Amino acid sequence: TWVQGEITGEYLLFNSNQVNHMVHVAAYPTEEIGVGALYFHFELEEQNYFGTPVSERDFADEVNLYVDWTVNDNLFLGAIYGVAWPGDAAEEVFGDDNPYHLFSVYAVVTF
């Protein structure tokens, strides 16, 4: 499936009860390398988190930074760093305002 936001979309809202705003900038310094940044603002469509009532709709702001490298026709490597700052609704649900961080690397090999 496709989700918006490496943290909020994939681990917190699961493409449910959300209204998203996204800004995406990307650059290709070489033919093989792509870099980019994504900013997301997440709001709840309904004032609840999977049935738990909340008084606010503001859920999170998230930034994802990535680099993709096409090594050759059979190997693709990438890395992404994401940070999500809880909004008022997420603070109500989870009880704190600590940011979430994610770093992942990935490889795609084709035959």
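Residues numbered from 1 in each chain as written. Predicted model: local features only at pLDDT ≥ 70, side-chain atom pairs only at ≥ 80, totals over all residues. Heavy atoms only, no water.

K.L.:
What is the right way to look at the packing of aromatic side chains in this model?
P.N.:
When we look at a pair of aromatic rings, we describe it by the centre distance and by the angle of the planes. Evaluation of the coordinates by the stated rule reveals 8 aromatic pairs. Summarising the aromatic geometry, the rings of Tyr49 and Phe59 are spaced 5.6 Å apart at their centres and angled 10° between planes, so their arrangement reads as stacked. Highlighted residues: Tyr49 in strand S3 (residues 48–49) and Phe59 in strand S5 (residues 58–72), separated in sequence by 10 residues. Of the two residues, Tyr49 and Phe59, neither departs from the other in class, the shared state being buried. An aromatic cluster of at least three residues, connected via ring pairs, comprises Phe14, Tyr49, Phe50, Phe59, Phe94 and Tyr100. (Phe/Tyr/Trp six-rings, centres within 6.5 Å; stacked < 30°, edge-to-face > 60°. Helix = DSSP H or I, 4+ residues; strand = E, 2+ residues; numbered from the N terminus. Buried < 20%, exposed > 50% of the residue type's maximum accessible area, 1.4 Å probe, protein only.)

K.L.:
Help me out: how do you make sense of the nonpolar core in this one?
P.N.:
The nonpolar side chains of a soluble globular protein tend to be buried, and buried together. Judged by nonpolar contacts, the single largest core of 17 residues is most densely connected at Leu13, Phe42, Leu44 and Phe59. With 4 residues, strand S2 (residues 33–44) is the single largest residue contributor to this core. (Core = buried A, V, L, I, M, F, W, Y, C linked by side-chain atoms within 4.5 Å.)

K.L.:
Can you help me understand the environment of Asp61 in this one?
P.N.:
In this structure, Asp61 sits in strand S5. Each C-alpha atom of the pair Asp61 and Val93 lies 16 Å from the other, and the pair is 32 residues apart in sequence. For Asp61, the residues in contact, after removing those within four places along its chain, are Tyr39, Phe40, His41, Val83, Ala84 and Trp85. Among the polar contacts made by the side chain of Asp61, one reaches the side chain of Tyr39 at a distance of 2.6 Å. (Contact = heavy atoms within 4.5 Å. Polar contact = N/O pair within 3.5 Å; in protein donor to acceptor, adjacent residues only side chain to side chain.)

K.L.:
Can you walk me through the sheet that holds strand S7 (residues 100–109) in this structure?
P.N.:
Strand pairing in a sheet relies on backbone hydrogen bonds. The paired strands run either parallel or antiparallel. With antiparallel pairing, the 5 strands of this open sheet are ordered in space as S1-S2-S5-S6-S7. Each having just a single partner strand, strand S1 (18–27) and S7 make up the two edges of the open sheet. Across the sheet, the mean angle separating the axes of adjacent strands is 15° when strand polarity is ignored. Of the pairings in the sheet, the one linking S1 to S2 comprises 10 bridges and is antiparallel in character. By the bridge assignment, Val19 is partnered in S2 with Glu43. (Pairing = 2+ DSSP bridges. Axes fitted to C-alpha atoms, helices over the stretch in contact; angles between N-to-C directions.)

K.L.:
What should I look at first to understand the environment of Val71 in this one?
P.N.:
As for its position among the elements, Val71 is in strand S5. You can call Val71 partly exposed: its relative accessible area is 30%. Taking the C-alpha atoms as reference, Val71 lies 14 Å from Pro29; in sequence the two are 42 residues apart.

K.L.:
What is the right way to look at the environment of Leu13 in this model?
P.N.:
Its place among the elements puts Leu13 in helix H1 (residues 8–13). A relative accessible area of 1% means that Leu13 is categorised as buried. Along the sequence, Leu13 and Ala60 sit 47 residues apart, while their C-alpha atoms lie 10 Å from each other. Those residues in contact with Leu13 that sit more than four places away from it in its chain are Thr8, Gln18, Phe42, Leu44, Tyr49, Phe50 and Phe59.

Limitation: the analysis is restricted to geometry and does not speak to function.
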